[in-house]
Amino acid sequence: VQLQAYGGGLVQAGGSLRLSCAPSASIFRINSMGWYRQAPGRQRELVARITTGGDRNYADSVKGRFTISRDNAKDTLYLQMNSLRPEDTAVYYCNVNWSNMKGYEYDYWGQGTQVTVSS
């Protein structure tokens, strides 16, 4: 299964972008889906995550500005990013955490989409 992420680009500070991510095939048992980001010289960090039950959690740095959502019917993940700041510049990766029939957990990662916020 491949995860295809869309929606990155160049935007001015204060602007908005919407990222989306969809798997190439159905995934058996999704536990959660999320967005991570990695800026140059920094470790990959969690931006936002949503469970199958709809529980959401966000990094403190994006609370109130970013909204994660999911279309359960399509297993498509979204990240609405508003009031973007230069420090949001990073490659954004989507992630799917899923379990097989034996309960073992696995992760799929998307290829990343670049978000650049100019000051």
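No experiment lies behind these values; they were computed from the predicted model shown.

**Observations concerning the pattern of salt bridges**
If the charged atoms of two oppositely charged side chains come close together, the side chains can form a pair.
Alright, step 1. As enumerated under the stated definition, the model contains five salt bridges in all.
Alright, step 2. Between Asp 88 and Arg 37 there is a salt bridge whose closest N-O contact spans 3.0 Å. Of this pair, Asp 88 sits in the loop between β8 (76-81) and β9 (90-99) while Arg 37 sits in strand β4 (residues 30-38), and the two are 51 residues apart along the sequence.
Alright, step 3. For Arg 37, a relative accessible area of 7% corresponds to the buried category.
Alright, step 4. Residues Asp 88 and Arg 65 are paired through a salt bridge, measuring 2.8 Å at the closest nitrogen-oxygen approach. Of this pair, Asp 88 sits in the loop between β8 and β9 while Arg 65 sits in the loop between β6 (56-58) and β7 (66-71), and the two are 23 residues apart along the sequence.
Alright, step 5. Using a relative accessible area of 1% as the deciding quantity, one classes Asp 88 as buried.
Alright, step 6. Look at the salt bridges and you will find they share partners, linking Arg 37, Glu 45, Arg 65 and Asp 88 into a network.

**What about the sheet that holds strand β3 (residues 17-23)?**
Alright, step 1. Taken together, the four strands give an open sheet; going across it, the order is β1-β3-β8-β7, and neighbouring strands pair in antiparallel fashion. Each of the sheet's edge strands pairs with one partner strand only, and the pair in question is β1 (3-6) and β7. Adjacent strand axes in the sheet meet at a mean angle of 15° when their direction is disregarded.
Alright, step 2. In this sheet, β8 lies alongside β3 in antiparallel orientation, the contact comprising five bridges. In the sheet register, Leu 19 faces β8, and the bridge partner there is Leu 79.

Each value, and the rule that gives it
- Residues numbered from 1 in each chain as written.
- Predicted model: local features only at pLDDT ≥ 70, side-chain atom pairs only at ≥ 80, totals over all residues.
- Heavy atoms only, no water.
- Salt bridge = Lys/Arg side-chain N within 4 Å of Asp/Glu carboxyl O.
- Helix = DSSP H or I, 4+ residues; strand = E, 2+ residues; numbered from the N terminus.
- Buried < 20%, exposed > 50% of the residue type's maximum accessible area, 1.4 Å probe, protein only.
- Pairing = 2+ DSSP bridges.
- Axes fitted to C-alpha atoms, helices over the stretch in contact; angles between N-to-C directions.

Fair warning: the whole summary comes from geometry, so function is off the table for now.
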